[in-house]
Amino acid sequence: MKILLSGTGGAAGWPVDGCPCASCARLPQGRRRPFELLVDDTARFPFTGGGAFGGGLGLVAADGAAVLCLPPGREAPSDGPARYDVVVLDLLDRPQRLGELRRAGPADDRTTVVAAWLDHRIRSEEELARRLRLWGAVAVPDGTVLGSGGTVRETPPRRALLLGGSRSGKSAEAELRLAAEPYVTYVATGGDGAADGEWAARVRAHRERRPAHWDTAETTDLTGVIAAARTPLLIDGLGTWLAAVFDEHGAWDGDRTPVVRRCAELVEAWRGTPVPLVAVSDEVGMGVVPATSAGRAFRDALGRLNERLAAESEYVALVVAGRPLEL
């Protein structure tokens, strides 16, 4: 099967003619033309004919190789083959669709995964490349001819720690890092917020944003979860976990020795994990000095925990205004 990608951009291309946004402004005109795909010099997307399926979304070529194209807003068809050699999809729309395909089986390590319908939903080609490396996909220039040799997936760092202030985008960045994984457990440490309407709304927003195929564990037993994990974990977050530990041991105004012990156990579990971990934590060293002894104790304990976990992590970043600054 030979696939010609004459255009890889969105409906209006990228940059969009006349668009004043920062994404379009930093790209040369005509960089990516609107999406156009041709298989074996004859079958043009959307496909028709005997080998087509999914309302024209997919095609089985004469040599038996299968290609699937998922434009914005479309889901994988139920009448397709068990496995695809090439998947071309809009990863800027819902990257978790790739995780769903990998979990169900139609996309595997031999599948060539190509991002298309690219446009100003992402700020730059550099940011696109960064995300695709995380997801095990590629973007190719217009006019590229594809075979079906598989996409090389970059081995992700086993442990990633993302720090940031309030509303910095650290949780969204953490979710982005694991978006295309077939199996992920989201470890929520903050409870359901049933007694606090504002906190409950935050929890609800996080739940709705997560990929539907992810599992969820709501617990403060992080060492136990990490020890039992067999697939990637996303821990969100360490600040709420530490506050819960302070509560559990009455350490706000009492003996803080149990908190020190729990933190040491977490660091040891983090060091020994066999699975990828992504954890979100609050950067507490840039604000004003807390007015109370308890507040200062919490700040100091979280700062020390961040420092120790960072020392045991392959990747650490400070997220500022939605942008990760690798440390």
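Residues numbered from 1 in each chain as written. Predicted model: local features only at pLDDT ≥ 70, side-chain atom pairs only at ≥ 80, totals over all residues. Heavy atoms only, no water.

### Structural notes on helix H3 (residues 125-135)
Part 1 of the argument: A large share of H3 lies buried, amounting to 8 of its 11 residues.
Part 2 of the argument: All buried positions along H3 are accounted for by Glu125, Glu127, Leu128, Arg130, Arg131, Leu132, Leu134 and Trp135.
Part 3 of the argument: In this structure, the buried side of H3 is in contact with helix H2 (96-104), strand E8 (112-115), helix H4 (170-177) and strand E16 (323-326).
Part 4 of the argument: Positive phi shows up at glycine 136, right after H3, with a value of about 70°. (Buried < 20%, exposed > 50% of the residue type's maximum accessible area, 1.4 Å probe, protein only. Helix = DSSP H or I, 4+ residues; strand = E, 2+ residues; numbered from the N terminus. Contact = heavy atoms within 4.5 Å.)

### Observations concerning the pattern of salt bridges
Part 1 of the argument: Applying the stated criterion across every chain, the model contains 22 salt bridges.
Part 2 of the argument: Glutamate 314 is the salt-bridge partner of arginine 159, the closest N and O atoms lying 2.5 Å from each other. Taken together, the residues arginine 159 in strand E10 (residues 159-164) and glutamate 314 in the loop between helix H9 (293-311) and strand E15 (315-320) connect sequence positions 155 residues apart.
Part 3 of the argument: Of the residues examined, arginine 159 reaches a relative accessible area of 9% and is grouped as buried.
Part 4 of the argument: With relative accessibility at 43%, the residue glutamate 314 sits in the partly exposed group.
Part 5 of the argument: We note a salt bridge from arginine 271 to glutamate 312, for which the minimum N-O separation is 3.1 Å. One end of the pair, arginine 271, is in helix H8 (residues 257-272); the other, glutamate 312, is in the loop between H9 and E15, with 41 residues separating them in the sequence.
Part 6 of the argument: Accessibility expressed as a relative area gives 35% for arginine 271, which makes it partly exposed.
Part 7 of the argument: Among the charged side chains, a salt-bridge network with shared partners connects Arg123, Glu127, Arg130, Arg131 and Glu173. (Salt bridge = Lys/Arg side-chain N within 4 Å of Asp/Glu carboxyl O.)

### Points about the sheet that holds E8
Part 1 of the argument: The 5 strands lie next to each other as E4-E5-E6-E7-E8, forming an open sheet whose pairing is mixed. Looking along the sheet, the strands with just one partner apiece sit at the ends: strand E4 (52-53) and E8.
Part 2 of the argument: As defined by bridge partners, strand E5 (residues 58-60) adjoins strand E6 (residues 66-70) across 3 bridges and the pair is classed as antiparallel. Note on E6: the bridge partner recorded for leucine 59 is valine 67. (Pairing = 2+ DSSP bridges.)

### Considerations on the packing of aromatic side chains
In this description, a pair of aromatic rings is defined by centroid distance and the angle of the planes.
Part 1 of the argument: Scanning the model with the defined rule gives 8 aromatic pairs in all.
Part 2 of the argument: Centroid distance phenylalanine 53 to tyrosine 84: 6.1 Å. Interplanar angle 20°. Geometry classified as stacked. Of the two residues, phenylalanine 53 is situated in strand E4 and tyrosine 84 in the loop between E6 and strand E7 (86-89); the sequence distance between them amounts to 31 residues.
Part 3 of the argument: Relative accessible area serves as the criterion here: at 8%, phenylalanine 53 is assigned to the buried category.
Part 4 of the argument: An aromatic cluster is built from Phe35, Phe45, Phe47 and Trp117, whose rings are joined through pairwise contacts.
Part 5 of the argument: Directly above the aromatic system of tyrosine 315 lies the positively charged group of arginine 177, at a separation of 4.1 Å from the ring centroid. (Phe/Tyr/Trp six-rings, centres within 6.5 Å; stacked < 30°, edge-to-face > 60°. Lys NZ or Arg CZ within 6 Å of the ring centre and 35° of its normal.)

### Considerations on the environment of alanine 25
Part 1 of the argument: When you line up the elements, alanine 25 lands in helix H1 (residues 22-25).
Part 2 of the argument: Since its relative accessible area comes to 61%, alanine 25 is described here as exposed.
Part 3 of the argument: Along the primary structure alanine 25 and arginine 123 are separated by 98 residues, whereas in three dimensions their C-alpha atoms are 9.8 Å apart.

### Some details on the packing of helix H7 (residues 238-248) against H9
Part 1 of the argument: Packing of H7 against H9 brings their axes to within 11 Å, and their N-to-C directions diverge by 130°. Taken together, the axis directions place H7 and H9 in an arrangement best described as oblique. Taken as a pair, H7 and H9 cross one another with a handedness that is right-handed. Where H7 abuts H9, its residues Leu238, Gly239, Trp241, Leu242, Ala243 and Phe246 lie against Ala297, Phe298, Ala301, Leu302, Leu305, Asn306 and Leu309.
Part 2 of the argument: Per-class residue counts for the contact of H7 with H9 are 11 nonpolar, 2 polar and no charged. (Axes fitted to C-alpha atoms, helices over the stretch in contact; angles between N-to-C directions. Parallel < 35°, antiparallel > 145°, perpendicular 65-115°, else oblique. Left-handed = near helix turned anticlockwise from the far one by under 90°. Nonpolar A, V, L, I, M, F, W, Y, C, P; charged D, E, K, R; others polar.)

### Concerning the pairing of E10
Part 1 of the argument: Here E10 lies mainly inside the structure; 6 of its 6 residues are buried.
Part 2 of the argument: Every second residue of E10 is oriented toward a common face, with Arg159, Leu161 and Leu163 on one face and Ala160, Leu162 and Gly164 on the other, all of them buried.
Part 3 of the argument: As judged from the 5 bridges shared by E10 and E15, these two strands associate in the parallel manner. Note on E15: the bridge partner recorded for leucine 163 is leucine 318.

### Topic: the environment of lysine 170
Part 1 of the argument: Looking at where lysine 170 falls in the secondary structure, it is placed in helix H4.
Part 2 of the argument: Considered as a pair, lysine 170 and glycine 80 are 90 residues apart in the sequence and their alpha carbons are 37 Å apart.
Part 3 of the argument: When residues no more than four places from it in sequence are discounted, the contact partners of lysine 170 are Leu162, Leu163, Gly164, Gly165, Val280, Ser281, Asp282 and Val319.
Part 4 of the argument: Here the side chain of lysine 170 touches glycine 165 through a polar contact of 2.9 Å, landing on its backbone oxygen. (Polar contact = N/O pair within 3.5 Å; in protein donor to acceptor, adjacent residues only side chain to side chain.)

### As for the sheet that holds strand E12 (residues 215-218)
Part 1 of the argument: Reading across the sheet, the 7 strands line up as E12-E11-E13-E14-E10-E15-E16 and stay open at both edges, with mixed pairing between neighbours. Each edge of the open sheet carries a strand with a single partner, namely E12 and E16. Averaged over all adjacent pairs, the angle separating strand axes in this sheet is 20°, with direction ignored.
Part 2 of the argument: As paired elements, E10 and strand E14 (residues 277-282) share 6 bridges and run parallel to each other. Residue pairing across strands places arginine 159 opposite leucine 277, the latter belonging to E14.
Part 3 of the argument: Where H7 meets the sheet, it contacts E10, strand E13 (233-236) and E14, and its direction lies at approximately 70° from that of E14.

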